[in-house]
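# Descriptive structure summary
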Amino acid sequence: MFSFLSTKSMKIKPTIMMIFFFIIAIVVGTILVLQYNFSHKLALEATQNSFDNISSKVVQKINRYDSNSEYFINLLEHVDGVDEYPKKDIKHKILPLLIKNIENAKYIYAIYVGHKNGDFYEIINLDISKGLRSKLNTPKKARWLMIKIINKDNKKVRYEISLDENLNILKKVIKSTTYNPAIRPWYKKAQQTNKVTKTQPYVFSNLKAPGVTYAKKLSKNSDVVIGLDISLESLVKLLSEQKLAKGSSSFLFRDKGEITAFYNKIIKSDKKNIDGYYPNVFIDNNSVKTSSTKVVQFKNKDYFKYTFLLESKYGFKEYLGIISPYDEVMKPFNDKILISLIISILIFIFIAIPMILYAVKLITKPILLIELENEKVQERRFDEVIKIDSFIFEIDDLSKSLVSMAESIKKYEESQKDLLDSFVKLIAGTIDTKSKYTGGHCNNVPELSRMIMQEASDAQYGEFKDFTIKNKDELRELNIAAWLHDCGKVTTPEYVVDKATKLETKYNRIHEIRTRFEVIYRDLIIKSLKKEIEGDDKSKIKEWLNIEHIKLYNHFELIAKVNMGTEFMNNDDKQSIQDISKTVWVRYFDNTLGISTDERSRLTNINMKLPVQEYLLSDKLEHIIPRENFNYQEYQKMKFKMDVPEHLYNLGEVYNLIIDKGTLTKEERFKINEHVVETIKMLEKLPFPDALKNIPAFAGAHHETMIGTGYPRQLTKDEMPLASRVIALADVFEALTAADRPYKEPKSLGEAIDILSNMVKDKHLDGDLFKLFLSTGIYKKYADKHLLPQQMDEVDIKQYL
């Protein structure tokens, strides 16, 4: 019956139509969903009617509580003696009336009268709660607790008197108190109006449980307020009388979620809000105009949620909330749905599924094969991609497109590789071109690194027995890393990289200092002539002038010698430089003229009166170039561990001349070493593909050592990739043998190998790579191509192996 499906290149549209024609389960499922929704609607309407009946009863009872409480307070207001202050041993006139009203309204917890001066009279209904007597520490036979607070001589005394049914005193407790009715919320609220007020729920001080208070100030004496408390236990009884589905809960709560009552529970101190029981279930109650019924989910279970707005005349909103388990409410409707579901499942299993499986097979088999071809594209095995045949036209066409796409991507990737390599070489060439002294460094290091890496892959012994260059990408990754290992040098000023003398900045300041010597030389001649005019002995003057001139010559020759930085500075030479620096000369011209704004901003004492005396050599504040905008937080985050000098540069003349060895200050040394930091930061910002993702790590570790004494991160051998150790070896060897460095003569081949050996002994370079470098003859191949004839000498590698 399905023979027509063998037609090749059939379009996908009729195939999909055929599949959906046999999926009858979709129709059955649609009918089932409609039936379920209809049942749900019926259940919702029935539940809504039930909840509305409950809300009607609750409204009636709450209104009766409100009206009865208002009536009693208004009645009590006109009773003679209600505003009398309580007396120590005398029963209050209104006591019988209070007792009678509480007995008639058993939901009342307490009735009391508060005075502005702090006096307070209260009668508490001990039968309102089973545990109340133990809470208030009254005898078991006590029926009432009468509380008096009397303010005498600015001291408040509290009398707690337990009474039996006949108002006989069973127990009397006297103690001091700080309770002041005049500062309680019910008292303050009553003072704001002439009507009866009702408070928000709060914790009663005696009961230590929440409740609400009705209160009103006396019209004849506004300093007196009558209060009536209803315990929330009374409201719980009200809710518990209502018939709800099994597992239901009902609440009375305020507009901010504060619970007034909770069916079968009195709220606890840790759950004063409805969110304590049903988080986020009633958060939309403020949008309720009258009533609302919804299906909500709580703890992975569905519930009918009912919210009813109880109109309140006391200035705040109250709500009735009911939660009923959806399963319990829907139980009568579920049997019919279950029968329909069973029939639908049988149809789906025995008819729809076989049809679906067959149709899916027709489509998915070629698609899965195409997916395998797509994986080849993802793995960039473009030459292995083949076309997958399918009788579905669109799938067949998709396979053709995939093959074509693989060919296009291959061509595009090759062009992108060429472009990237060109950019890499352009950057490296720019770095080399930047300084005439490093012309071939960025070109030679990649070449030497490739030679070493390839030999390591071919070695298959020792440390390299498990190392193999798996593909061209790995070798290319090393190559680019080697090309870019010094790319951070674009941020290093040329005069720092090329600094050949200690006094050199953008020019050699020895010329400026020599000019000062010339000035002093001439000043000495002028001074001698003045002495002759004054009549001093000419022979002595000539002898003195000759000695001073010879001293000047010697001083300048020492400074010039020290300036070269070719010898280690001893303490005597340093002291001599310090002594020479104290020589004074006179400046007659304004040193603020003809200079840049930046240089002028660093000058001090710019308003000095000319002429001024200055030292022959000096370390001035204007010689300090501050370190600005340095991101120390980023520096630490990237785990760089080089000590950062306080200043960017220190151009002080004495400071530079007394450098121990070489020509660089610690600031300049950091600036040169910082090129590795900049290399890492620059490369880590580039979106390298996965095949090249290790370039920042490879390029950024070529100044590390095997024992963690290198920079910038003080990595050890185990923390350094093999490629980084290869670049490190190539970098040092190229630098030693390069004939274009300003600060040294190029080393001979033998000298360079000997230095590498010492660096291996000091754990600065990888010993295994050094042995490979020698044993495979890489050093000789590179030397034949790049070293000058005079650098070539015989090397006995046996002593190093």
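Because the structure is a prediction, the values reported are computed rather than measured.

### Structural notes on the packing of helix α9 (residues 441-459) against helix α22 (residues 767-775)
α22 packs onto α9 with a crossing angle of 95° between their chain directions and a minimal axis gap of 10 Å. Comparing the axis directions of α9 and α22 gives the class roughly perpendicular. Of the residues in α22, those in contact with Leu448, Ile452, Glu455, Ala456 and Ala459 of α9 are Leu769, Leu772 and Phe773. Taken together, the residues of the contact of α9 with α22 sort by class into 7 nonpolar, no polar and 1 charged.

### A word on the pairing of strand β2 (residues 120-125)
Counting buried positions along β2 yields 6 of 6 residues, so the element is predominantly enclosed. Side chains Phe120, Glu122 and Ile124 project from β2 onto one buried face, and the interleaved Tyr121, Ile123 and Asn125 project onto a second face that is buried too. In this sheet, β2 lies alongside strand β1 (residues 108-115) in antiparallel orientation, the contact comprising 5 bridges. Bridged to alanine 110 within β2 is isoleucine 124. Adjacent in sequence and paired antiparallel, β1 and β2 are bridged by 4 residues, among which glycine 118 carries a positive phi angle near 105°. Inspection of the sheet shows β2 paired to strand β3 (residues 144-152) by 6 bridges, in the antiparallel sense. Directly across from phenylalanine 120, in β3, lies its bridge partner isoleucine 149.

### Quick word on the pattern of salt bridges
Opposite charge on two side chains allows them to pair when their charged atoms are near. One pass over the structure, following the stated rule, counts 40 salt bridges. Between lysine 499 and glutamate 668 there is a salt bridge; the shortest N-O distance is 2.6 Å. On the criterion of sequence distance, the pair formed by lysine 499 in the loop between α11 (494-497) and α12 (510-533) and glutamate 668 in helix α18 (residues 666-684) is long-range, its members being 169 residues apart. With relative accessibility at 2%, the residue glutamate 668 sits in the buried group. A salt bridge links arginine 522 to glutamate 518, with the nearest nitrogen and oxygen atoms 2.8 Å apart. Placement of both arginine 522 and glutamate 518 in helix α12 is noted, with a separation of 4 residues, approximately one turn of the helix. According to the relative accessible area criterion, glutamate 518 is partly exposed, its value standing at 36%. Put simply, Glu463, Lys717, Arg725, Asp766 and Asp768 are held in one network by salt bridges that share partners.

### Notes on unusual backbone geometry
Geometrically, the link from leucine 610 to proline 611 is a cis peptide bond, its omega value of -5° lying close to zero. Mapped onto the elements of the fold, proline 611 is located in the loop between α15 (597-602) and β16 (612-615). Cis geometry is found at the peptide bond from tyrosine 711 to proline 712, where omega equals 10°. The backbone of leucine 167 shows a phi angle near 65°, a positive value even though the residue is not glycine. Mapped onto the fold, leucine 167 is located in the loop between β4 (155-163) and β5 (169-176). Even without glycine at this site, lysine 763 takes up a positive phi of about 65°. Following the sequence through the fold, lysine 763 ends up in the loop between α21 (749-761) and α22. The exposure class of lysine 763 is partly exposed, given its relative accessible area of 45%.

### Describing the side chain of threonine 663
Secondary-structure assignment places threonine 663 in the loop between α17 (653-657) and α18. With residues up to four places along the chain from it excluded, the contact list for threonine 663 reads Lys499, Ala500, Thr501, Lys502, Met564, Gly565 and Glu668.

### Focus on the layout of surface pockets
Taken as a whole, the second largest pocket holds about 790 Å³ of empty space. As for the second largest pocket, its lining consists of 26 residues, of which Tyr507, Glu512, Glu599, Arg602 and His623 are closest to the centre. Of all the secondary-structure elements, those providing two or more residues to the lining of the second largest pocket are α12, β15 (584-587), α15 and β16. Looking at the lining of the second largest pocket, the element that brings in the most residues is α15, giving 3 residues. Among the residues making up the lining of the second largest pocket, the classes are represented as 9 nonpolar, 5 polar and 12 charged.

### A look at the environment of aspartate 537
Summarising the element assignment, aspartate 537 is placed in the loop between α12 and α13 (538-564). The class for aspartate 537 is partly exposed, based on a relative accessible area of 40%. Here serine 539 takes part through its side chain, which lies 2.7 Å from a polar atom of the side chain of aspartate 537.

### With respect to the confidence of the model for the protein chain
Within the protein chain, residue pLDDT values average 83, and 89% of them lie at 70 or more. Predicted confidence is poor over residues 264-270, with pLDDT under 50, and the contacts of this stretch with residues over four places away or in other chains come to 14 contacts.

### A look at the nonpolar core
Among the nonpolar cores identified, the biggest contains 54 residues, and Ile452, Phe733, Ile753, Leu756 and Phe773 are the most heavily contacted of them. Put simply, the parts of the chain that give this core at least two residues each are α8 (393-434), α9, α10 (472-483), α19 (695-699), α20 (722-737), α21, α22 and α23 (778-786). In terms of residue count, the dominant contributor to this core is α20 (10 residues). Discounting chain neighbours no more than four positions away, the residues touching leucine 756 are Leu729, Val732, Phe733, Leu736, Leu765, Phe770 and Phe773.

### Considerations on the environment of isoleucine 388
Counting through the fold element by element, isoleucine 388 comes out in the loop between α7 (326-378) and α8. Judged by relative accessible area, isoleucine 388 falls into the buried class, the value being 9%. Between the C-alpha atoms of isoleucine 388 and leucine 402, which are 14 residues apart in sequence, the distance is 9.6 Å. Not counting the four nearest positions on each side in its chain, isoleucine 388 is found in contact with Pro366, Leu369, Ile370, Glu373, Asp396 and Ser399.

### So, the packing of α13 against helix α14 (residues 571-581)
The contact between α13 and α14 brings their axes to 11 Å, and the two run at 125°. Considered as vectors, α13 and α14 are oriented oblique to each other. The chirality of how α13 crosses α14 is left-handed. Contacts from His555, Leu558, Ile559 and Val562 of α13 reach α14 at Asp573, Ser576, Ile577 and Ile580. Of the residues belonging to the contact of α13 with α14, the class tally is 5 nonpolar, 2 polar and 1 charged.

Rules of the game
Residues numbered from 1 in each chain as written. Predicted model: local features only at pLDDT ≥ 70, side-chain atom pairs only at ≥ 80, totals over all residues. Heavy atoms only, no water. Axes fitted to C-alpha atoms, helices over the stretch in contact; angles between N-to-C directions. Helix = DSSP H or I, 4+ residues; strand = E, 2+ residues; numbered from the N terminus. Parallel < 35°, antiparallel > 145°, perpendicular 65-115°, else oblique. Contact = heavy atoms within 4.5 Å. Nonpolar A, V, L, I, M, F, W, Y, C, P; charged D, E, K, R; others polar. Buried < 20%, exposed > 50% of the residue type's maximum accessible area, 1.4 Å probe, protein only. Pairing = 2+ DSSP bridges. Salt bridge = Lys/Arg side-chain N within 4 Å of Asp/Glu carboxyl O. 1 Å grid on protein atoms, 1.4 Å probe; cavity = no way out; pocket = protein on both sides within 12 Å on 5 of 7 lines; lining within 4 Å. Points joined across faces, edges and corners; volume = space filled by probe spheres on them. Polar contact = N/O pair within 3.5 Å; in protein donor to acceptor, adjacent residues only side chain to side chain. pLDDT = per-residue confidence, 0-100. Core = buried A, V, L, I, M, F, W, Y, C linked by side-chain atoms within 4.5 Å. Left-handed = near helix turned anticlockwise from the far one by under 90°.

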